[in-house]
Amino acid sequence: MSVPQKVGVLGGGRMGGGIAHAFLLAGSEVVVIDQPHALGAAEAGIRRAVATSVERGTATRSRAELDDGLRVSSDRTVLADRDLVVEAIPEIPELKAATLPEVEALLGADAVLATNTSSLSIDDLAAPLARPERFLGLHFFNPVPVSTLVEVVAGAATDPALVEAAGDWVRALGKTPVTVRDAPGFASSRLGVAIALEAIRMLEQGVASAEDIDAAMVLGYKHATGPLRTTDVVGLDVRLGIAEYLHAQLGERFEPPALLREMVAAGKLGRKTGEGFFVWDRDQP
Ligand code: NAI
């Protein structure tokens, strides 16, 4: 069981940085592509995470090897020699639909293109691709270094052998694959967002405080974290985007509550802005 040797990650934000870190630790040589203004932060974040893994003794490669294994660029053409490219740009359907075929056109015929989309249809994203059999969803969870689940999402055209291979890569990353047929919200986002939206509606209606709603699920149902705190960690804007998509695909039960829209409009996006349903210390891991 091993990971692909040459991995590209498109978008070095919260998820892309984590995905790059995971493949580096597992032995891949990784190139991260981002926009020029975001490259510095992306690189610094990944190198910091690598240093932390080395300090904690969770890395089997040396700091120097890991540092050498990472390159960042704003020039997508350097992806041409990659065995696997994982796309982790923002969850904007038109952006992904336009970007994926452009990236595919740079890659070799055997290369695999994966998307980390949290909700968009793999079949829709595959429609404009020349090689949909080499395309699938690899849905990592946030924060990537401590999350052990990866949904492997098979589109209608995805080669079953690729789904198998992707499961092995996930295991080689030290994580557990769950194989899901392409369906809105896959398994995790659909259930996770359903609970979160109901929790937000309960808060809106004054049923209980954010702390108590979360405590009900943590203590009563053994969830590791409550739905509101999880929404803060994921990002309220990210969750709103997924809810809007699921609302369009699956109907009324996913209609975003007004409170969620108001908080996003007010810039209360959760941990990344210091405030969401809870107040966050920005330096908190
Ligand atoms: P983010 O906003 O932290 O990162 C996105 C990155 O993409 C930014 O660094 C941005 O500069 C870069 N970018 C934008 N356009 C680009 C382009 N054309 N080419 C290259 N880079 C570009 O977003 P995040 O949270 O990392 O989300 C990325 C994807 O992962 C989305 O599809 C999201 O739905 C999915 N996801 C997010 C999770 C979360 O909890 N945040 C969990 C699982 C999946």
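Now for a description of the structure that goes with this document. (Residues numbered from 1 in each chain as written. Predicted model: local features only at pLDDT ≥ 70, side-chain atom pairs only at ≥ 80, totals over all residues. Heavy atoms only, no water.)

1. Let's talk about the overall build of the protein
Then comes step 1: The number of helices and strands found in the protein is 11 helices and eight strands.
Then comes step 2: Principal axes of the C-alpha set define a box for the protein whose edges measure 55 × 45 × 35 Å.
Then comes step 3: Accessible surface for the protein amounts to roughly 13000 Å². Of this, 54% is attributable to carbon and sulfur atoms.
Then comes step 4: One finds the centroid of the 27 positive side-chain charges in the protein at a distance of 4 Å from the centroid of its 38 negative side-chain charges. (Helix = DSSP H or I, 4+ residues; strand = E, 2+ residues; numbered from the N terminus. Areas by Shrake-Rupley, 256 points an atom, 1.4 Å probe, with all protein chains shown as cover. Lys, Arg positive; Asp, Glu negative; His and termini not counted. Charge placed at Lys NZ, Arg CZ, Asp CG, Glu CD.)

2. Observations regarding helix 11 (residues 258-265)
Since the α-helix advances by 3.6 residues per turn, residues separated by three or four positions end up pointing in the same direction.
Then comes step 1: When we look at burial in helix 11, the residues that qualify are L259, L260, M263 and V264. Axial view of helix 11: buried residues confined to an arc of 130°, hence all on one face. Among the exposed residues of helix 11, those pointing more than 90 degrees away from its buried face are E262 and A265.
Then comes step 2: Against the buried residues of helix 11 lie helix 7 (188-204) and helix 10 (236-250).
Then comes step 3: Downstream of helix 11 by one or two residues, G267 has phi in the positive range, about 80°. (Buried < 20%, exposed > 50% of the residue type's maximum accessible area, 1.4 Å probe, protein only. Arc of directions from axis to C-beta. Contact = heavy atoms within 4.5 Å.)

3. What to know about the packing of helix 7 against helix 10
Then comes step 1: Closest axis-to-axis distance for the helix 7/helix 10 pair is 10 Å, and the angle between their directions is 105°. Taken together, the axes of helix 7 and helix 10 are roughly perpendicular relative to one another. Across from S189, R190, G192, V193, A196 and L197 in helix 7, the residues of helix 10 making contact are R239, I242, A243, L246 and L250.
Then comes step 2: For the contact of helix 7 with helix 10, the residue count by class is seven nonpolar, two polar and two charged. (Axes fitted to C-alpha atoms, helices over the stretch in contact; angles between N-to-C directions. Parallel < 35°, antiparallel > 145°, perpendicular 65-115°, else oblique. Nonpolar A, V, L, I, M, F, W, Y, C, P; charged D, E, K, R; others polar.)

4. Regarding the side chain of D214
Then comes step 1: The topology assignment puts D214 in helix 8 (residues 210-221).
Then comes step 2: Buried D214, no salt bridge; nearest opposite-charge side chain is R229, N-O distance 4.5 Å.
Then comes step 3: Beyond its immediate sequence surroundings of up to four residues, D214 is in contact with G226, P227, L228, R229 and F278. (Salt bridge = Lys/Arg side-chain N within 4 Å of Asp/Glu carboxyl O.)

5. Here's the deal with the site of the ligand
Then comes step 1: With respect to spatial proximity, 21 residues lie near the ligand, and among them M15, D34, E91, K96 and S118 are the closest.
Then comes step 2: G13 places a polar main-chain atom, nitrogen or oxygen, 3.4 Å from an oxygen atom of the ligand.
Then comes step 3: A distance of 3.5 Å separates an oxygen atom of the ligand from a polar atom in the side chain of Q35.
Then comes step 4: Its free accessible area being 830 Å², the ligand has 84% of it covered by the protein chains.
Then comes step 5: Those elements that place two or more of their residues in the shell around the ligand are helix 1 (14-26) and strand 6 (135-140). (Near = heavy atom within 4 Å. Polar contact = N/O pair within 3.5 Å; in protein donor to acceptor, adjacent residues only side chain to side chain.)

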